[in-house]
Structures are given as structure tokens and as C-alpha cells.
Amino acid sequence: MKKKIKAVFFDLDGTLINTLASLKKTMDLTMEHFDLEGVSLQETRIFVGTGYKKYVEKALEKNADKKYKEAEKWEEKDEERAMDLDMEGDEIMGLYDEACEYYASIFPENSTYQAEAYPGIKECITALKEKGIAVVCITNKSKEVAEGVLASVFSADSFTLIIGDDGEMPLKPDKAPLLKACRELGITKDEAVMVGDTKTDLDAARNAKMSSIGCLYGFRDKKELVEHGAEHMVEDGYALLHVLEDAFELG
């Protein structure tokens, strides 16, 4: 017997919208502000997923690690030079709070840069709403920024509910955002399914004891999705709708 679903919960970055370009641009500008090296698209894919503060930390670590590795090469030849390089690495990591603040200050103006819905996602959302299914976005972005990004790509009535970082509630992979969505919709966790592209989303679903679907087209690979419990995997929004219709009772 199929599980009856009343709501589909979507992650934002890498699931609903390809935001790699906007994330990369914001981080590049942040690193440039501190005279540091930016990030590649592939590094962005790997670094994001657990909130912007962790993204900033990983970008700083990339720069600091170069200093630490260079210091190792100098240890036997020039101990003083090695110590200086280690200190430079520490100084880079010491920029964390300031870099987070700067990133957050410039992200809103760059958050929609080259942002676009993944193939089939708009059609999937339309079909779900026609079936009376609540469509929810649950993201680790701030709600205000998330609303702006979603509004730049989707129509105003696309989402029944948007839940983002309010500075108080724990973020995914904590189950709290998913359970909050259930409470606001008046449904149980068994009446919703989480759709996401990273372990952050899948772990949140597992922590909430909720069904999950992994997006192969997003920011992570199949191995991560399998290891973190994706019950189904899809290659685009069209396939997602098919899986939802085939594996669950919608409505």
C-alpha cells in the first residue's frame, strides 16, 4: 500500500534552483575583499550545503591550507620562515567572523545572479499543486533571501510555505525545520517527503523519520545520496514527478 502524501518539501540550492553561479560570485567577492583566492564552481559544489558560515569557513581553510602546506616545506630549511607561514594561515582563519559578516552583507544583491530552475521543476510544482499537494521550500538560507531568490524564478503562488534560517531554529540536518513545516501545515511527518541534493537534506529527513528523494542533478554525487539514505533518486524534475506519482499516493 502506497504512503499517502499531502506535502513535498524541497531544498532550494541544487534542488529547486541552480544557484552555483550566485554562490561562487558572492564568495569570490568576499575573498577578494580580504585579498584571498576565490573558489571554483567545483569547490562551491563541495563547500555549500550546511549554511553560509560553513561555506565561508571552507573557503578560508582553502587559503590557509596553502600557507600551512608551504610552511611544512620550509620546516627543515628555514624554521623562522615556516613559523611566519603558519602564522599567516592562522591569520586567515582569524578572519572568519569578519568574512561571514561581509559575505552576508553582499549576498542579497548577488543571490539571484544567473539563478535558474532545474529542468522539469516548474512543471513538477505545477502538477503537484493541481493535485492539492502543499509545496514547501526548506532552506538553510535566511527566509528573506530565500523568498527573493524563489521570486526571481517562480511565480508568486508556487510555494505554500517557505522556511529558512531565522537565527534561532536549528538548521538542516536537524529535523526541526521539517517538523516545523509539518506543524504549520497540520500534517504528520508520514504525510510529507523531503527532496534534496545533499546529505544535509537527507540526514534531516532521516532525523525526522521522513521519506526522502535524492536529486542526482544537484550539488552532490550518487554515492553521497545513497550513503545518506535516499529512498529514491531522480535526474530531473520530470523524473521527480514520475517517482512521486509512482511511489506515493498524492492527495
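Reference entry: report on the structure contained in this document. Note that this is a predicted model, so its numbers are computed, not measured. Per-chain numbering applies: the sequence of each chain, read as written, is numbered from 1 onward. A pLDDT threshold of at least 70 governs which residues receive local features in this predicted model, and a stricter bar of 80 or more applies before side-chain atom pairs are shown or counted, although totals over entire chains, interfaces and linings include all residues. With hydrogens and water stripped out, all remaining heavy atoms of the structure feed into the side-chain values.

Quick look at the overall build of the protein chain
Which entries qualify depends on this criterion: Runs of H or I in DSSP of at least four residues are treated as helices and runs of E of at least two as strands, each being numbered from the N terminus. Here the globule rule is a power law, 2.2 Å times the number of residues to the power 0.38, and the radius of gyration is based on C-alpha atoms. Exposure is judged per residue with a 1.4 Å probe applied to protein chains only, and the accessible area is read against the type maximum: over 50% gives exposed, under 20% gives buried, and values in between give partly exposed. Here the accessible surface of atoms and residues is derived via Shrake-Rupley with a 1.4 Å probe, and residues count as covered only by protein chains that are part of the display.
Each helix and strand counted, the protein chain has 11 helices and 10 strands in total. Taking 2.2 N^0.38 as the reference for a compact globule, 251 residues should give roughly 18 Å; the C-alpha atoms of the protein chain span a radius of gyration of 20 Å, in line with that estimate. Projected onto its principal axes, the C-alpha coordinates of the protein chain cover approximately 70 × 35 × 30 Å. Counting over 251 residues, the protein chain shows a buried share of 48%. Carbon together with sulfur atoms contributes 48% to the accessible area of the protein chain, which is approximately 12,200 Å² in total.

Overview of the packing of aromatic side chains
What counts, and what does not: Stacked, tilted and edge-to-face pairs are distinguished by plane angle, under 30 degrees for stacked and over 60 for edge-to-face with tilted covering the rest, among Phe, Tyr and Trp rings (Trp via its six-membered ring) whose centres lie within 6.5 Å. Counted as over-ring charges are cases with an Arg CZ or a Lys NZ within 6 Å of the ring centre that also lie within 35 degrees of the ring normal.
Throughout the structure, instances matching the rule amount to six aromatic pairs. On the basis of an interplanar angle of 80° and a centroid distance of 6.2 Å, the ring pair of Phe 34 and Tyr 102 is categorised as edge-to-face. Here Phe 34, found in the loop between helix 1 (20–33) and helix 2 (41–47), pairs with Tyr 102, found in helix 5 (residues 96–110); they are 68 residues apart in sequence, far enough to count as distant. Accessibility expressed as a relative area gives 14% for Phe 34, which makes it buried. Put simply, the rings of Tyr 52, Tyr 55, Tyr 103 and Phe 107 touch in pairs and so form one group of aromatic residues. The side chain of Arg 81 reaches across the aromatic face of Trp 74, ending 5.9 Å from its centre.

A few points about the sheet that holds strand 8 (residues 211–215)
What counts, and what does not: Should DSSP find at least two bridges between two strands, the strands are regarded as paired. For helices, the axis comes from a line fit to the C-alpha atoms of the stretch in contact; other axes are also lines fit to C-alpha atoms, and the angle between any two N-to-C directions lies between 0 and 180 degrees. Two residues qualify as a contact provided that any one of their heavy atoms is within 4.5 Å of a heavy atom in the partner residue.
Strand order in the open sheet made by the six strands is 6-5-2-7-8-9, with parallel pairing throughout. The sheet is open, and its two edges are formed by strand 6 (161–165) and strand 9 (232–234), each paired on a single side. The average angle at which neighbouring strand axes cross in this sheet is 25°, direction not considered. Where strand 8 lies against strand 9, three bridges are found, and the strand directions are parallel. For Ile 213, the partnering residue across the bridge sits in strand 9 and is His 232. In this fold helix 11 (residues 237–247) packs onto strand 2 (7–10), strand 7 (192–196), strand 8 and strand 9, with an angle of close to 150° to the strand it touches most, strand 9.

Digging into the pairing of strand 2
Judged by which residues are buried, strand 2 turns out to be covered on both faces: Ala 7 and Phe 9 on one side and Val 8 and Phe 10 on the other are all buried. Strand direction decides the pairing type here: strand 2 and strand 5 (residues 134–142), joined by four bridges, are parallel. Bridge pairing links Ala 7 to Ala 134 in strand 5. Here four bridges tie strand 2 to strand 7, and the two strands are oriented parallel to one another. The partner of Phe 10 across the bridge, within strand 7, is Val 195.

Digging into the side chain of Asn 63
What counts here: Think of a polar contact as two N or O atoms within 3.5 Å of one another; within protein, one of them needs to be a possible hydrogen donor and the other a possible acceptor, and neighboring residues in sequence only count if both atoms come from side chains.
Checked against the element boundaries, Asn 63 lands in helix 3 (residues 52–74). The buried category is assigned to Asn 63, whose relative accessible area is 8%. Within polar-contact distance, the side chain of Asn 63 engages the backbone oxygen of Ala 59 at 3.0 Å. Leaving out residues up to four positions away in the same chain, Asn 63 has contacts with Met 31, Leu 36, Glu 37 and Ile 92.

So, unusual backbone geometry
Of note, the bond from Lys 172 into Pro 173 is cis; its omega dihedral lies within 30 degrees of zero at 20°. You can see Pro 173 is positioned in the loop between strand 6 and helix 8 (176–185). Residues other than glycine seldom take positive phi values, yet Gln 114 does so here, at roughly 55°. Inspection of the secondary structure puts Gln 114 in the loop between helix 5 and strand 4 (116–117). Judged by its relative accessible area of 54%, Gln 114 is exposed. Residues other than glycine seldom take positive phi values, yet Lys 209 does so here, at roughly 55°. In this fold, Lys 209 is placed in the loop between helix 9 (199–207) and strand 8.

Focus: the pattern of salt bridges
Going by this rule: For salt bridges, the criterion is a side-chain nitrogen of Lys or Arg within 4 Å of an Asp or Glu carboxyl oxygen.
For the structure shown, the criterion picks out 16 salt bridges. Between Glu 191 and Lys 6 there is a salt bridge, with the nearest N and O atoms lying 3.3 Å from each other. One end of the pair, Glu 191, is in the loop between helix 8 and strand 7; the other, Lys 6, is in the loop between strand 1 (3–5) and strand 2, with 185 residues separating them in the sequence. You can call Lys 6 partly exposed: its relative accessible area is 36%.

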